[in-house]
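Spelled out from the first residue to the last, the chains are:
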Amino acid sequence: MTQEDMQMLLHVAQWIRDQKRHAMRKIRQLAGTEENYLIIARELDRVNGQIIQARSVHAEATLTLLDWLLIVDFYQWKCAYCQEKPFEVMYHPIPLPRGGTTASNCVPACCSCRTRKKKSGLVMMELPRKV
Ligand SMILES: [Zn+2]
């Protein structure tokens, strides 16, 4: 991810935040490149999906696409735990019903780290180390 691409993604995320409806055609236009558009569409889906899930268990649901892009960029689009593999999923260090889908409880993770965290019970609350 280049600085320029990231700036573009943040710009689009900001635009989306200020809209009531998500006009995908306009988002495609704003994104500039097809690659950026696909990233926006994918991450927007991911955030929306997690927000719906949080609401369904009456948990806090405040994460925005803008928050999420800043978080994944902070971890350089890699898994927050191993910091090696590219991230594959959004992980909630504090289980969803208690922690909610919020900027402080969502980190990018790879599938194997997520599985390991889920199996390790109490350790699930452990937050990833910061880069
Ligand atoms: Zn990992």
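Residues numbered from 1 in each chain as written. Predicted model: local features only at pLDDT ≥ 70, side-chain atom pairs only at ≥ 80, totals over all residues. Heavy atoms only, no water.

**A short note on the packing of aromatic side chains**
Then comes step 1: Within this structure, the stated rule accounts for four aromatic pairs.
Then comes step 2: Ring plane angle 45° and centroid distance 6.3 Å describe the contact between tryptophan 77 and phenylalanine 87, whose orientation is recorded as tilted. Of this pair, tryptophan 77 sits in the loop between α4 (65-74) and β1 (89-91) while phenylalanine 87 sits in the loop between α4 and β1; the two residues are ten residues apart in sequence, bridging distant segments of the chain. Across the pair, phenylalanine 87 and tryptophan 77 agree in class, each one buried.
Then comes step 3: Considering the side-chain rings of tyrosine 81 and tyrosine 91, the 5.7 Å spacing of their centres and the 85° angle between planes classify their relative orientation as edge-to-face. One end of the pair, tyrosine 81, is in the loop between α4 and β1; the other, tyrosine 91, is in strand β1, with ten residues separating them in the sequence. In terms of burial, tyrosine 81 and tyrosine 91 fall into one category: buried. (Phe/Tyr/Trp six-rings, centres within 6.5 Å; stacked < 30°, edge-to-face > 60°. Helix = DSSP H or I, 4+ residues; strand = E, 2+ residues; numbered from the N terminus. Buried < 20%, exposed > 50% of the residue type's maximum accessible area, 1.4 Å probe, protein only.)

**So, the nonpolar core**
Then comes step 1: Ranked by size, the top nonpolar core spans 41 residues in total, and within it Ile40, Leu63, Leu65, Trp68, Leu69, Trp77 and Tyr81 carry the most contacts.
Then comes step 2: Residue assignment for this core shows that the elements contributing at least two residues are α1 (3-17), α2 (24-31), α3 (34-56), α4, β1 and β2 (107-109).
Then comes step 3: Top element by residues in this core is α3. It accounts for eight residues. (Core = buried A, V, L, I, M, F, W, Y, C linked by side-chain atoms within 4.5 Å.)

**Re the coordination of the zinc ion**
Then comes step 1: The protein atoms that coordinate the zinc ion are Cys79 (SG), Cys82 (SG), Cys110 (SG) and Cys113 (SG), at distances spanning 2.3 to 2.4 Å.
Then comes step 2: For the zinc ion, the four donor atoms in the first shell make angles of 103 to 117° at the metal, a pattern classed as tetrahedral.
Then comes step 3: Written as a sequence motif, the donor arrangement for the zinc ion is C-x2-C-x27-C-x2-C. In this pair, cysteine 82 sits in the loop between α4 and β1 while cysteine 113 sits in helix α6 (residues 111-119), placing the two residues 31 residues apart along the sequence. (Donors = N, O, S within 2.8 Å, 3.2 Å for Na, K, Ca; no water. Tetrahedral: all angles 85-135°; square planar, octahedral: opposite > 155°, others 65-115°.)

**Quick look at the packing of α1 against α4**
Then comes step 1: Between α1 and α4, whose axes approach to 8 Å, the crossing angle comes to 160°. Here α1 lies roughly antiparallel to α4, going by the angle between them. In the packing of α1 onto α4, the handedness of the crossing is left-handed. Contact residues: Met6, Leu9, Leu10, Ala13, Gln14, Ile16 and Arg17 in α1; Leu65, Leu66, Leu69, Leu70 and Asp73 in α4. (Axes fitted to C-alpha atoms, helices over the stretch in contact; angles between N-to-C directions. Parallel < 35°, antiparallel > 145°, perpendicular 65-115°, else oblique. Left-handed = near helix turned anticlockwise from the far one by under 90°. Contact = heavy atoms within 4.5 Å.)

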